[in-house]
Amino acid sequence: MHELAETAKALVAEGKGILAADESTGTIKKRFDSIDVESTEDTRRAYRELLFETAGVEEYISGVILFDETIRQSASDGTPFPKLLESKGVIPGIKVDKGAKPLALSDDETITEGLDGLRERFAEYYELGARFAKWRATYSIAPDKPSEYCAWTNGHALARYAALSQEAGLVPIVEPEVLQDGTHTLEQSAKATGRVLQALYVELHDQRISLPGTLLKPNMVLSGYDASQRAGIDEVAEATLEVLYRHVPAAVPGIVFLSGGQTDEDATAHLNAMNARGPHPWQLSFSYGRALQAPALKAWLGKPENVEAAQRAYYRRAKFNGAARSGLYAPEMETAATA
Ligand code: 13P
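Q: Would you mind showing me how to read the site of the ligand here?
A: If you check the shell around the ligand, you find 13 residues, and the closest are Lys134, Lys217, Ser259, Gly289 and Arg290. Here an oxygen atom of the ligand sits 2.6 Å away from a polar atom, N or O, in the side chain of Lys134. Arg290 places a polar side-chain atom, nitrogen or oxygen, 2.7 Å from an oxygen atom of the ligand. Contact with the protein chains covers 92% of the free accessible surface of the ligand, which is 300 Å². Its residues assigned to classes, the shell around the ligand comprises three nonpolar, four polar and six charged.

This is the structure:
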């Protein structure tokens, strides 16, 4: 358990956070469609290589979450990706869930699958170099959602995954994502997020999880993306902190937010505003997918001659989010000529 706690602490080291590069084959296809690039095993490999080879980004990136295909791929010079990351002091991680599927007998809610055979998969991923893992559950907001049924079944599955992960020597990142689509208010988001976290920590406790060897990856508390009146940066920071203070034990070493559908700049500004209100009982960091990668994807367009521009774009977002780890980010940095 000591090693798990050390890994968890390293993942939320000062000034650093996690790159989520674990898009499933279906999700990365959507991202590539948006830049008109065909998704093949080799274009996916080339794109991930671009990210992992970005010079100096390890100053801000402590770990990278990989997808099953990616953990088995190599850089152009033949170095397996997990080895390449390790050589830069970056910890390789692995997404192990098999996606959110319809929850039987529910009204359009989901349950995340992937527990069958997970012990054996963990043993293989450990061999391949993974030292942390991720499992994502999703919940929607509506007057009757998330239901108690959805909160508890997903909490139970997250805890079962976390137990197998700790048994295998990998730090489980538990990711209960309350989706922020729709027209809900900030208060509705706070209530839904708090409900889901409360059930999750009961299950983690009952299933004997050692909290110092875990990280939490939650959504931020936002008003719905389609709400007519949307809460500003300070309101979001305060509402999110209030929910976390109520529901996340201080034994958890770090909270690494997902970006959801936020703009890159909002994701950075929200994290910054929360850290500016610190210190907190846990490290507050990032585990962003889209908010770290969006400008890099746009700059790349699948062309080798754009690799450097794409790396610069990724480096900039990593650096700004690194600054947001200690409340030192300012929006003016976005318009400065160089990062
Ligand atoms: P986003 O930051 O794009 O939401 O992705 C994070 C993630 O890993 C979702 O599971």
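Q: In this structure, what is going on with the pattern of salt bridges? I would like to understand it.
A: Note on pairing: side chains with opposite charge can pair once their charged atoms come close. Under the counting rule described, the total for this entry stands at 22 salt bridges. Note that Glu49 is salt-bridged to Arg45, the shortest N-O span being 2.9 Å. One end of the pair is Glu49 and the other is Arg45, both in helix α3 (residues 41-52) and four residues apart, which spans about a single turn. Residue classification places Glu49 among the buried positions, given a relative accessible area of 11%. A salt bridge links Glu177 to Arg136; the nearest nitrogen and oxygen atoms lie 2.6 Å apart. Placement of the pair is Glu177 in strand β7 (residues 171-178) and Arg136 in strand β6 (residues 132-139), with a sequence separation of 41 residues. Classification of Arg136 as partly exposed rests on a relative accessible area of 30%. One network of salt bridges, with partners in common, ties together Asp22, Lys95, Lys134, Arg136, Glu175 and Glu177.

Q: What should I look at first to understand the packing of helix α2 (residues 25-33) against α3 in this one?
A: For any two helices packed against each other, the geometry is given by the interaxial angle and the distance between the axes. Where α2 contacts α3, the axes come no closer than 11 Å and their chain directions differ by 80°. Between α2 and α3, the crossing angle belongs to the class labelled roughly perpendicular. When α2 is examined against α3, the residues Thr25, Ile28 and Phe32 are found in contact with a partner set consisting of Thr43, Arg44, Tyr47 and Arg48. For the contact of α2 with α3, a count of residues per class yields three nonpolar, two polar and two charged.

Conventions adopted
- Residues numbered from 1 in each chain as written.
- Predicted model: local features only at pLDDT ≥ 70, side-chain atom pairs only at ≥ 80, totals over all residues.
- Heavy atoms only, no water.
- Near = heavy atom within 4 Å.
- Polar contact = N/O pair within 3.5 Å; in protein donor to acceptor, adjacent residues only side chain to side chain.
- Areas by Shrake-Rupley, 256 points an atom, 1.4 Å probe, with all protein chains shown as cover.
- Nonpolar A, V, L, I, M, F, W, Y, C, P; charged D, E, K, R; others polar.
- Salt bridge = Lys/Arg side-chain N within 4 Å of Asp/Glu carboxyl O.
- Helix = DSSP H or I, 4+ residues; strand = E, 2+ residues; numbered from the N terminus.
- Buried < 20%, exposed > 50% of the residue type's maximum accessible area, 1.4 Å probe, protein only.
- Axes fitted to C-alpha atoms, helices over the stretch in contact; angles between N-to-C directions.
- Parallel < 35°, antiparallel > 145°, perpendicular 65-115°, else oblique.
- Contact = heavy atoms within 4.5 Å.

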